[in-house]
Every structure is written in structure tokens, then in C-alpha cells.
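Structural characterization, general
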Amino acid sequence: MEKLTRASLGTFSPHCSSFSVSDLRFILKPCTVMATKRSVSTLKEADLKGKRVFVRVDLNVPLDENFNITDDTRVRAAVPTIKYLIGYGAKVILSSHLGRPKGVTPKYSLKPLVPRLSELLGVEVKIANDCIGEEVEKLVAQLPEGGVLLLENVRFYKEEEKNDPEFAKKLASLADLYVNDAFGTAHRAHASTEGVTKYLKPAVAGFLMQKELDYLIGAVANPKIPFAAIVGGSKVSTKIGVLESLLEKVNVLLLGGGMIFTFYKAQGHSVGSSLVEEDLLNTASQLIEKAKAKGVTLLLPIDVVIADKFAADANSKVVPASGIPDGWMGLDIGPDSVKTFSEALDKTQTIIWNGPMGVFEFDKFAAGTDAIAKKLAELSGKGVTTIIGGGDSVAAVEKAGLADKMSHISTGGGASLELLEGKSLPGVLALDDA
Ligand SMILES: Nc1ncnc2c1ncn2[C@@H]1O[C@H](COP(=O)(O)OP(=O)(O)O)[C@@H](O)[C@H]1O
Ligand SMILES: O=C(OP(=O)(O)O)[C@H](O)COP(=O)(O)O
């Protein structure tokens, strides 16, 4: 088989070099960012031939009632590292969770993943009925060079989420080398993401993990400026950390989604029955003040699409943001806001987006989110770095068919949010320094 090189995988940021795990600790302290760029500790070809490699991937994908994968993004994202390992003759042991099972639960089995993984990898992937124990050890012993074995859902053991050392040791005993490519689960200190690294060395990042860190830390810490963030989603409460953190870095902050009504109310506007977090009115005012003090241009939508009920078939109309009548709720940003936001984005070089602009799940209230997705796709084509920070914004971009137009789409919702908040990820900190 043709050997794959790191360069041929084509996964790296155009304007920032890769970061080592040791860099990460510094990068999270903003003032030392610039001085810490080095190349990341990578998989070395000489280390791989005939070696048993334990690869933690995030194959936590949505399945329908017939166990068909409805979004295979995470499976495709795991492929470059696995192909690389296959190409260098490693024996690949894949480990993942699926869902949040309590004990062994057949509907959370990883078996439905095997056909798609095999197809994407071009090899027949074997599946084990367990993730530790004698049977698994036998299957590992039978693995040929370039063979791939998928272990059963690691969360079938409660010891996984407890980060139990004995369980971690059992996982570690299966292999000679540990690779973490499960960015989506890197914010969890679990046995297969953190504990295992205490017993299995070397412990290095896979290509997906590196790419996520390059964009979500590298591009955000050292962006081409002007740098804009678009933050939406349902509530202020889940985004306070990210808003606080981004206000330290961006030139422009655009707000959308359900959270804007807490900001409007804090400014004395009537918001009808829109989503408002009464206990966060002061926080919203403080964020506006902080933006002013930092010289950050904070833009709230100037018009909104309102509905007479929270439903796909609600009656709707567009009103100025300051004029939401009683009994109506804001469910999307309006066309004038899209225009203002687009004009602001036209002047930027780096954009990070987290959270939809409205209730995009209802077609009637998806226009604002779709328009922003289209704008980012257009700007990507003009060389602007566009990063979609996980969660529902990714779902919205995919629904709009624009995923391949963006510079980077994160495979981790919670993990990307924690990184953007400036938190460190246990699954990354556990890896070897470069
Ligand atoms: N105006 C709004 N009112 C109520 N919910 C909203 C509004 N705008 C967006 N949402 C909802 O916010 C949810 C996503 O919020 P959140 O989980 O914070 O975003 P993300 O997953 O991207 O981080 C979506 O389900 C969307 O329907
Ligand atoms: O889907 C995931 O996270 P996400 O929904 O925050 O992107 C990861 O697989 C982590 O799963 P968990 O939140 O059950 O630990």
C-alpha cells in the first residue's frame, strides 16, 4: 500500500504552524502565545511497523432507528490517522464511545459503524464484542500488519467515565503506543482519553486532534486580523465563558440566537415572550460595557423575525429589534441584520462562529443562519479563515450544504466551546510533550 505522508493528508492551517501539547499550556495564557510555536509531536513511521497502536477516536455519530448513520462526519474525520497507521504497517486498535449507555446496551453497540469504516478505509475492519479481556487480546494477537480492530463501546464499562486506573491499565495492556484522535471527547478525563496515557507511552495526538488544535487554538490565538466572532445559540448562560474569552481577542463580535433577547431587555427594549434569562440582565449589560472598554465592535441584530408560537407553522413577521409586541417571540435575526452583519464580516480576515442565529430547525426561522453560513462560505472563497466551532452551528452549515466550503469545521461541540473559553482539555494535556 502506498504510504501516506502527513503533508499528503492536507489537514493543516494555512497560516499557523502546529502546536505541541506543551505549547498548549502556554497558549492558554494569551501573552506567551507568540513565542511558543513549535512543531507537534507526531507519529513517526519507524515507530509503527508491526506495532499495536491504540487509537482513541470519536465515533459518537447519530444513528436512525434502523441503525443507519445519519451523519458520518466524525467517521470521515477519523480516517486520515487510521490510513496513515495502516500505510506504515501498524496493527490498529480503535476505541470509541457511542452515546451515554448505562452498562451494556445493545442499541449503543459500535457494530453499525463497521461497514462505513471498512468502506472509507478500504480494509475489512474487525469488531470485538468487548473492549478488554481475553477475547479481545486474542483478536489483537491475530491482527496482521495494517489490520484494524474496532473495540466495542468503551462506555459499556462504568469504569471508563470514572477514569478507573485498573480499567485504564487493561486498555493500555492491549497496545504498544497510544494515539488520541478523539477531539470531540478531549474535554472528558476518562480512562480511554486520559487515564490510559499513564500506562501506555508514547502517547501522541492524531492528525484530527492536531488540526482541531491548530485552528481552535492557533487561529484564535494568532489570527489574521480583523478577527470576528459570531456567537448565537439559545442562552447567554451557556456562552458567558466563551463571550468573556472572545472579547479579549476579537475586533468584532456579532450576537444572534436566543441570547440576544436578554441583551435587548437589559437595554430596556420590550421582548414579548422571547427567551430571556432574567438573572443575567446585569451580565449582559456588563458584557456590552466590556466590549466598549476593549474597543470591540459589538453588533446586536437590528431586526428580528418574530413568531406567535414556538412552532414550525407559527405565523411570523419581521419587526425592528426594539419593537417586539406582547405575545410574540423572536426566533431569527431579520434581513437588515443579515445585511449589517455581512458588511461587518466583509472587512474581516478570520471568523469564528459558534451557535445558530435562530431556530434553524424550523425552516421558517432558518434564513438568518443560512445567510450567515452562505456569507462565510463566500468569504472562505476569498481567503478569509472561517472556523465553525462545533455543535448546532455545524449542523446548520451541513444542512445548508456548505460544510466543505469552510476552512475548518470542528468535530467537537463541548470540546471546542471549552477551548474557546480558554480551558485546557484533559485528553490533550495527558499527551506527551513534543
Ligand atoms: N431565538 C431563539 N429562541 C429560542 N431558541 C433559539 C433561538 N435561536 C436559536 N435557538 C436555539 O438554540 C439552539 C442551539 O443552541 P446552543 O446549544 O447554545 O448552540 P450550539 O450547539 O451551536 O453551541 C438551537 O436548537 C436553536 O433552535
Ligand atoms: O458528542 C460529543 O460531544 P458534543 O455533543 O459536545 O459534540 C462527544 O462525543 C462527547 O460525548 P459526551 O458529551 O457524551 O461525553
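Residues numbered from 1 in each chain as written. Chains lettered and ligands numbered in written order. Predicted model: local features only at pLDDT ≥ 70, side-chain atom pairs only at ≥ 80, totals over all residues. Heavy atoms only, no water.

Once that is clear, we can look at the site of ligand 1. The immediate surroundings of ligand 1 are formed by 17 residues, with Ser234, Lys239, Gly330, Glu361 and Asp392 found nearest. Residue glycine 258 places a main-chain N or O atom 3.2 Å away from a nitrogen atom belonging to ligand 1. Between ligand 1 and glycine 355, the relevant distance is 3.5 Å, taken from an oxygen atom to a main-chain nitrogen or oxygen of the residue. Bound to the protein, ligand 1 loses 82% of the 570 Å² it would expose on its own. If you list the elements that add at least two residues to the shell around ligand 1, you get β14 (329-333) and α14 (392-399). Considering only residue class, the shell around ligand 1 consists of four nonpolar, ten polar and three charged. (Near = heavy atom within 4 Å. Polar contact = N/O pair within 3.5 Å; in protein donor to acceptor, adjacent residues only side chain to side chain. Areas by Shrake-Rupley, 256 points an atom, 1.4 Å probe, with all protein chains shown as cover. Helix = DSSP H or I, 4+ residues; strand = E, 2+ residues; numbered from the N terminus. Nonpolar A, V, L, I, M, F, W, Y, C, P; charged D, E, K, R; others polar.)

As a further point, take the environment of alanine 311. Relative to the helices and strands, alanine 311 is located in the loop between β11 (303-307) and β12 (316-320). When the C-alpha positions of alanine 311 and aspartate 346 are compared, they lie 33 Å apart, and in sequence the two are 35 residues distant. If we ignore the near neighbours within four places in the chain, the residues touching alanine 311 are Phe362 and Phe365. (Contact = heavy atoms within 4.5 Å.)

As a further point, take the environment of glutamate 159. Relative to the assigned elements, glutamate 159 resides in helix α6 (residues 158-162). Residue glutamate 159 is classed as partly exposed on the basis of its relative accessible area, which comes to 24%. Residues glutamate 159 and alanine 191, spaced 32 residues apart in sequence, show a C-alpha to C-alpha distance of 7.3 Å. With residues up to four places along the chain from it excluded, the contact list for glutamate 159 reads Asp164, Phe167 and Ala191. (Buried < 20%, exposed > 50% of the residue type's maximum accessible area, 1.4 Å probe, protein only.)

Quick look at the nonpolar core now. Ranked by size, the top nonpolar core spans 71 residues in total, and within it Phe54, Leu151, Leu171, Leu253, Leu255, Phe263 and Ile352 carry the most contacts. No other element matches helix α8 (residues 207-221), which puts seven residues into this core. Counting 31 residues, the second-largest nonpolar core is a separate cluster that includes Leu48, Ile82, Leu150 and Val179. (Core = buried A, V, L, I, M, F, W, Y, C linked by side-chain atoms within 4.5 Å.)

Moving on, we come to unusual backbone geometry. Going from lysine 201 to proline 202, the amide bond is cis rather than trans, its omega being -5 degrees. As for its placement among the helices and strands, proline 202 is situated in the loop between β5 (177-180) and β6 (203-205). Cis geometry is adopted by the peptide bond preceding proline 226, which originates at isoleucine 225 and carries an omega value of 0 degrees. With respect to the element layout, proline 226 can be found in the loop between α8 and β7 (227-231).

On to the pattern of salt bridges. Taken as a whole, this structure holds 26 salt bridges when the rule is applied. Two residues, arginine 56 and glutamate 160, come together in a salt bridge whose shortest N-O distance is 3.7 Å. Within this pair, whereas arginine 56 is found in strand β1 (residues 52-56), its partner glutamate 160 is found in helix α6, the two being separated by 104 residues in sequence. Exposure class is identical for arginine 56 and glutamate 160. Each is buried. (Salt bridge = Lys/Arg side-chain N within 4 Å of Asp/Glu carboxyl O.)

This part covers the sheet that holds β1. Spatial strand order, β3-β4-β2-β1-β5-β6: six strands in an open sheet with parallel pairing. Both outer strands of the open sheet, β3 (126-127) and β6, are each paired with one neighbouring strand and no more. Across three bridges, strand β2 (residues 91-95) lies against strand β4 (residues 148-150) in parallel orientation. Following the sheet pairing, leucine 94 is matched in β4 by leucine 150. (Pairing = 2+ DSSP bridges.)

It is worth spelling out the packing of helix α9 (residues 240-247) against helix α11 (residues 281-294) at this point. The N-to-C vectors of α9 and α11 enclose an angle of 15 degrees; their axes lie 10 Å apart at closest approach. If you check the angle between α9 and α11, you find them roughly parallel. Remark: the crossing between α9 and α11 carries left-handed chirality. Residues Ile240, Leu243, Glu244 and Leu247 of α9 form the contact with α11, whose participating residues are Thr283, Leu287, Lys290, Ala291 and Lys294. Split by residue class, the contact of α9 with α11 holds five nonpolar, one polar and three charged. (Axes fitted to C-alpha atoms, helices over the stretch in contact; angles between N-to-C directions. Parallel < 35°, antiparallel > 145°, perpendicular 65-115°, else oblique. Left-handed = near helix turned anticlockwise from the far one by under 90°.)

Here the focus is helix α4 (residues 114-121). Where α4 is concerned, the buried positions are Val114, Leu117, Ser118 and Leu121. What you see down the axis of α4 is that its buried residues fit within an arc of 100 degrees, all on one side. Along α4, the residues that are exposed and aim more than 90 degrees away from the buried face are Pro115 and Glu119. At its buried positions, α4 is contacted by α3 (73-87), β2, β3 and β4. Backbone geometry just downstream of α4 places glycine 122 in the positive-phi region, at approximately 70 degrees. (Arc of directions from axis to C-beta.)

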